[in-house]
Each structure stands twice: as structure tokens, then as C-alpha cells.
Amino acid sequence: MVRAGGWLVRVERRTLVLSAALAALMLGAGLLGLCYGASWATPGEVLAALGGQGESVVVIRDWRLPRVLAGMVFGLALGVAGAIFQNLTRNPMGSPDVIGLDAGAYTGALVALTVFSGGSVVLATSSVVGGLAVAAMIYLLSSGGGLSGLRLVVIGIAVSAIVTAFNSWIVLRAELEVAIAAVGWSAGSLNGVDWADLPVPFTIIAVLLALMAAWSHTMHQAALGEAVASATGVGLHRLRLLMVLVGVGCTATVTSVAGPIAFIALAAPQIGRRLAGAAGVPLLPAALTGAVLLQGADLAAQMLLAPESLPVGVVTTAIGGCYLIWLLAKEVRRA
Amino acid sequence: MTLAARAGTITGRGAVLVAGVVLLALVAVVSVGIGAHAVAPAEVVRALFAFDGSPDHSIVRDVRLPRALLGVGVGAALAVAGVLIQTLSRNPLAEPGVLGVTAGAGFAMTVGAALGLATTPASELVLSGGGAALAAVLVYSVGRASPLRLVLTGVALSAVLAGLSLGLRLMLPDVFDRFRFWSIGSLAGREKDPFTLTLALIVLAVAGALLLSRPLNAVALGETVARTLGASVTRVRLAALLCITVLAGAATAAAGPILFVGLIVPHVVRPLAGGSVPWLTAYSAVLGPILLLVSDMGSRVLLPTGEVPVAIVTAFLGGPVLIWAVRRYGAGTL
């Protein structure tokens, strides 16, 4: 048990050690991200530059730092969103990227970009609206089958296919300049993220994560089953609605800046869960694993074809899809 | 059922088939006329039977007609492959696109092009057929436990292969310029390439599927029943798998990965075929081309300038059908 700022937080020792290790790994990957680029900077130079010293201040503080911060914070957000939806659907495959919430948020972002041509607030709002609309659509279409099970996942995949087709049509219809920006973006990419893109999404994500931290205990209680949750006084409907809002909010905010980055939300919660040896899908390990995965994938995306930089979504899709197949194969063996 | 009543249903089904073929011919003529430069249907017919070398006639003969023929071949191939997969796996959600078979074919072709192997139509066909077969075996071995699992495995494999293909295309932009439209699934841009071999293979495989459909009917009833009826289960399955590979491989080699045609068509014609696999196959071979030609027309008129890849149109139509099928059949089998 850890008492922190008036909050009584119950944390298992193993989760605590793991989280510290993951946080260290995340910072290490972040430092590597700051070092790596067209010219290699030593960690010493990076630290000096962060403090405003040395020749490479502009390169590191203004060019590389926003990208690295975005990789870490967006990874946290995607990990949390994945954990939320996997808890809700009680299915490792019920994560927002598989069931098409990314694609919906991307529709919102594309509409904002092509119709309203607004700033980052409009972009984020519109993405959230798009993600919520898709979530509502999936919920309604899978009515009668409950929230859990593969049925919802496959319906989500179908919705995702429709929405993705619609997105491609918007991109092709759009003005050439917008379309070129959106094509690199449609795979999910951190290329070209700079400071101006970040304040709004970071604020939204911080608020949502704080909200989720406050509610995480109730969420795990709800994951024990409807009967237990009701008996222990959890308002299930309100809690579910809140969880959906936070999950979609996290996914959509990331999508509005970086496009749909697939499979982090799928893989991070499950990897975190296995590392923590936990029964449910714990939030903190999921978030930190997400940050490590996304930052690592972005490094790989920059290194694979250097000096060209791949969209990070290409790397996460290739790795995450393999992981999904492995997940399915393992369940078959067990069955 | 009396003999007369039986003969009655067969004539009825035959009439539907003839009506389907007539509709296909009409759609084909209209589709040849529609595009950036519209040609009147009467002029299209004249270009086909009384060619006079005018620009309109040249457009019809050199660009639109090959494209329509390709559309007919690809549509029939995908729809019949869908029938075979659905019947063979007794899974109402199965389809070469959703199961990752076309993605396997597309990826094999992409790798082949990167290595400089996909230079002739024949080598493209060999590559994509091999890729289709590998993907089918992989997806089936991982996901055979349930219909929904099979779909998930296929989608996951498609995602991985799409990511890898995109990476390869970004690495070697020059090699892939020719495949720009193909990579999303489109009939555009391949009109000038020779495709006689592709069409011949598709015709052979569709004929093979029609021959197979009667024993497949028996296999669909279950292994024991099939043995009692005298069908060799293993041989029928292998032959069906070969047909699926050829059909999906040839369609993908010609038009790239197009999803959902093999899902939509069998579901639409199943009520008409009344549980008979031979009729289901025949109807699908006619409706598949109609659907693809209509989608292709849509792909040409949806944008004020240029066109959208036809795979986008079929995904838009096919998503709702997948949702309907999941809601109708759930986790059960056909």
C-alpha cells in the first residue's frame, strides 16, 4: 500500500517494481530517440542540449524532443485505451484499433481538416465525435449478443472496413495538398510532429488519465463480474459510459495528431498484464508498456530505411498483427 | 417431389440464370459507356460490331472493353471462390478477401516485384497463386476452431502483410509505380497489360468449380454422409482448394486485393439457389461480374476527377453484409 497525496492506492509489490522498470525503459528509449537522427548526438550532448547548452540545442529541443514526447505520451494514452476496452469487452481482441474506433476518429479528423480546416482544438473534438459515433454504431449493431465475445469484435472489423473505405474516399476527394498530408498520416505517423501540435492533445490526455487513475479501483471491481460489482456498490452503467468516454477520448486525441496507429492498444495491455502477472488488465503496466512499444516502434521506423522515415503505423501493424495471430494460435492450442 | 415438379424448379432456376446473363450483358454495355468520356450504349454496340476507327470506338475497343472483360473475370473468380470457401469450411463469414487469401497473393506479388521476378503475366500468376495457397493454409490451421476466429486470423494476417507491402513499396517507389492502383485493388491502369492467360485460368477454374459443386454438395452435408453418397472427401477438398487458389490468385494478380465480393455474392444468391451448391456456383459466377462492374462504374463516377479504387466501393458495400451475416449466423455454421 502506498499513501500518496491523500489517495490511498493499493499497489502490489510486483506491479510497482515492474512499473519502475518500464518507466526506466521508456525514458531510456526516449533518450535514444533524442540521440538518434541525421547526426548522432551522445547522451551527454543531449542532456546538455536539454539544459540549453551546446551546439545542437535547436536540433534536439525543437526537432527531436516533440517527437519523442509525443511517442511516449501517445503510447501511454493508447495503452490505457486498450486496457479500458479489453476490460469492458473482457476480450484481448476487443481493443479500439481492432474494432475500428481509430478509423472513426480518423474520419472525424479528416472531416475537420477538409471541411472546417480548423486548428488542433477542432481537430481533437471532431476526432472524439467520430470515435464515439463508431463506438455507438458497434454497440447498437452488436445488440443482443452482449458486450463480450468475438461477435462484437467481428462486427467492429466490418464497421472498420466501411469507415476505412469512406476515409480513403475523403482523402481522394480532398485537395491535393491536404491529401498528401493525409496519406502519410493514414498509416499512423509521428513524422513532422512539432511543438505547435502538442499542447491541446497533451492537456486532454492528462485530464483523461487523471480521471482514469481516480476510477481504476472501481473499474477492476467491475471487471470481477456484474453481480460482484453491483453488490459492492458500483454504478455499472455510469462507470461503463465513463470508461467508453475516456477510452475513445484517448484514442481519438492520439489519432487527431498522429493518425490511426494500429495495434499498440491491442498489444500493450496484454503484454503489461503478463509481465505484472495480474488477473485483470491493469492500467499502469498497460500504459507504460504502450509508451515503451510506441517509442521503440518509432525508433525502428526511423532506422529501418534511414534516412527515409517510415510511418510508425507500418511498424506497429507488422509487429502487432503477428502478435494477434500468435494470440489466436495459442487459444486454439489451449482449446 | 414429383418428376414434373422437379423439372419445373429446374426450368425456373434456368430462367433465373438466363435473366442473370442478360442483365450482365446490359451492365457490361453500360459500364463500357460510362467514364471520363461518356459513350452512348448504341455507339458501344456499334463499336463492337461495326468498328469504324473513330475516337469513341477506339476508347471502347482499347480501354473500356478490356477493363470490362477483366471486371467480368475478376468478379466471377472472387464470387466463385467465395462459394467454394464458404461451402468447404461450412462458414458463412468466409471469403477470400476477409480470410487473407488475397492479401497473401498480393504480398507474394509485391515481394516478387521487389526481387524483380514479377515481370511476365505467367510469373505474376505463379507468385500470386503460391501466396494465396500459403495464406489459406496458414489461416486455416490457426483459425479453424470457429467461424469468427477464422475471420480474425484472416484480418490479422491481412494487416501484417499490408504493413509489410506498404513498407516495401515505400522503399522501392520506382518498382511499384506500375502497381500504384493495383495495390489498393483496382481495375484501372492494367488495361494495356496482356491478361489472356489470367482469363483463361479463371474460365478453367470456374468450370472446375461447377464440376466439383455436386460432390461438394455431398461433402457439405458432413463427412459421413459424403462417404455414404460415394464422394471421395479428401480428393474433393483438395480439388476445391486448388480451384480457390487459382481463382483468388488470378483475380488478385489482375486487380489487386479486392475484399468482400466473395462474401456478398453467395449470400445474395443463396435464397435463389435453395441450398443447391451447383446452382449457387452458377448464379455466383453471373452475379459476381455484375457486382464488380457496377462497383467499378461507381468507382469511376464517385470523384469529380479521377477515380477511386474499386476495392473501396466493394468494402463499402461488403461491410454491411458482413455485419448482417454475423448477426444472422453468429458463431454457428451454415
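Residues numbered from 1 in each chain as written. Chains lettered and ligands numbered in written order. Predicted model: local features only at pLDDT ≥ 70, side-chain atom pairs only at ≥ 80, totals over all residues.

A.B. asks: For this particular structure, what's the right way to read the nonpolar core?
C.D. replies: The tendency in soluble globular proteins is for nonpolar side chains to be buried side by side. Among the nonpolar cores identified, the biggest contains 212 residues, and Leu78 and Val80 of chain A together with Val80 and Leu247 of chain B are the most heavily contacted of them. Top contributing element to this core by residue count: helix α3 (residues 55-89) of chain B, with 16 residues. There are two domains that each give this core at least three residues, and those are domain 1 (1-65) and domain 2 (75-329) of chain B. (Core = buried A, V, L, I, M, F, W, Y, C linked by C-beta atoms within 7 Å. Buried ≥ 20, exposed ≤ 12 C-beta atoms within 10 Å, placed from the backbone. Helix = DSSP H or I, 4+ residues; strand = E, 2+ residues; numbered from the N terminus. Domains from an automatic or database assignment.)

A.B. asks: Can you walk me through the confidence of the model for chain A in this structure?
C.D. replies: In regions of low pLDDT, the predicted coordinates are not meant to be interpreted in detail. Residue and element names in this part refer to chain A. Mean pLDDT over chain A works out to 83, with 88% of the residues at or above the 70 mark. Ranking the elements of chain A by mean pLDDT puts strand β2 (residues 7-9) last with 43 and helix α12 (residues 283-304) first with 91. Contacts from residues 1-9, a stretch scored under 50 in pLDDT, to residues over four places away or in other chains number six contacts. (pLDDT = per-residue confidence, 0-100. Contact = placed C-beta atoms within 7 Å.)

A.B. asks: Explain the UniProt feature "transmembrane region" (unreviewed entry) in chain B to me, please; I cannot follow it from the model alone.
C.D. replies: Residues and elements named next belong to chain B. Listed under "transmembrane region" (unreviewed entry) in the UniProt record, and renumbered for this structure, are residues 65-85, 97-119, 125-143, 150-172, 195-217, 238-265, 277-294 and 306-326. Secondary structure over residues 65-85 splits into 100% helix and 0% strand, and the C-alpha atoms at its two ends are 30 Å apart. For residues 306-326, the end-to-end C-alpha separation is 35 Å, with 81% helix and 0% strand making up the annotated structure. (UniProt positions renumbered as here; feature names shortened; annotations may be inferred.)

A.B. asks: Quick question: what am I supposed to make of the interface of chain B and chain A here?
C.D. replies: In many analyses, interface size is given as the accessible surface area lost on bringing the parts together. With 33 residues of chain B at the contact, the number on the chain A side is 34 residues. Looking at the side of chain B that touches chain A, the element that brings in the most residues is helix α6 (residues 147-171) of chain B, giving 16 residues. The class makeup of the residues in the side of chain B that touches chain A is 26 nonpolar, six polar and one charged. (Nonpolar A, V, L, I, M, F, W, Y, C, P; charged D, E, K, R; others polar.)

A.B. asks: Sorry, what's going on with the packing of helix α10 (residues 261-273) of chain B against helix α11 (residues 277-301) of chain B here?
C.D. replies: Residue and element names in this part refer to chain B. At a minimum axis distance of 8 Å, the contact between α10 and α11 shows a crossing angle of 130°. In terms of orientation, α10 lies oblique with respect to α11. In the packing of α10 onto α11, the handedness of the crossing is right-handed. Along its contact with α10, which presents Val261, Ile264, Val265, Pro266, Val268, Val269, Arg270, Leu272 and Ala273, the element α11 presents Trp279, Leu280, Tyr283, Ser284, Leu287, Gly288, Leu291 and Leu292. (Axes fitted to C-alpha atoms, helices over the stretch in contact; angles between N-to-C directions. Parallel < 35°, antiparallel > 145°, perpendicular 65-115°, else oblique. Left-handed = near helix turned anticlockwise from the far one by under 90°.)

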